[in-house]
Amino acid sequence: MIRTTFNRLREVKDSLPHGSMDAIAAELGIAADDVRAFFNGQGTAESGYHIEPGCDGGIVTIENSHILEAALLIAWLDKNGL
């Protein structure tokens, strides 16, 4: 389980290069709209995504972090020119 803030999820989304939502979806075998929903505060049925009111847009609890992990890897690779 991962707990973060909604604003932090938006920062991750904003750090992704163009086309990343489709790449994450293809890698995980899910719809690109599910990936977009994850970063837009809606989560997915599989992610166990829950938002509680709080600072920085609220506290987000994520049971299945596959989308976030894939996004962080893509962001890291892009940042490091790999």
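Residues numbered from 1 in each chain as written. Predicted model: local features only at pLDDT ≥ 70, side-chain atom pairs only at ≥ 80, totals over all residues. Heavy atoms only, no water.

Novice: So what's going on with the nonpolar core? Residues and values would help.
Specialist: Leu9, Ile24, Phe38 and Phe39 are the most contacted members of the largest nonpolar core, which has 20 residues in total. At the level of elements, helix H1 (6-14), helix H2 (20-28), helix H3 (32-39), strand S3 (59-62) and helix H4 (66-79) are the ones that each hand at least two residues to this core. Here this core takes six residues from H4, the largest share from any one element. Setting aside anything within four residues of it in sequence, one finds Phe38 in contact with Leu9, Gly43, Ser47, Tyr49, Ile62, Ile67 and Leu68. (Core = buried A, V, L, I, M, F, W, Y, C linked by side-chain atoms within 4.5 Å. Buried < 20%, exposed > 50% of the residue type's maximum accessible area, 1.4 Å probe, protein only. Helix = DSSP H or I, 4+ residues; strand = E, 2+ residues; numbered from the N terminus. Contact = heavy atoms within 4.5 Å.)

Novice: Provide a residue-level description of the pattern of salt bridges, including the pertinent values.
Specialist: Counting across every chain of the model gives four salt bridges. A salt bridge links Glu52 to Arg3; the shortest N-O distance between them is 3.5 Å. Of the two residues, Glu52 sits in strand S2 (residues 50-52) while Arg3 sits in strand S1 (residues 2-5), which places them 49 residues apart along the sequence. Judged by relative accessible area, Glu52 falls into the partly exposed class, the value being 30%. Each of Asp22, Asp33 and Arg36 takes part in a single network of salt bridges with overlapping partners. (Salt bridge = Lys/Arg side-chain N within 4 Å of Asp/Glu carboxyl O.)

Novice: I'd like a description of H4, backed by residues and values.
Specialist: Counted at 1.5 Å a residue, the expected span for H4 with its 14 residues is 20 Å, and the 20 Å between its end C-alpha atoms agrees. Taken as a whole, H4 has its buried residues at Ile67, Leu68, Ala70, Ala71, Ile74 and Ala75. The buried residues of H4 all sit within an arc of 165 degrees when viewed along its axis, so they share a single face. The elements touched by buried residues of H4 are S1, H1, H2, H3 and S3. (Expected span 1.5 Å × (residues − 1). Arc of directions from axis to C-beta.)

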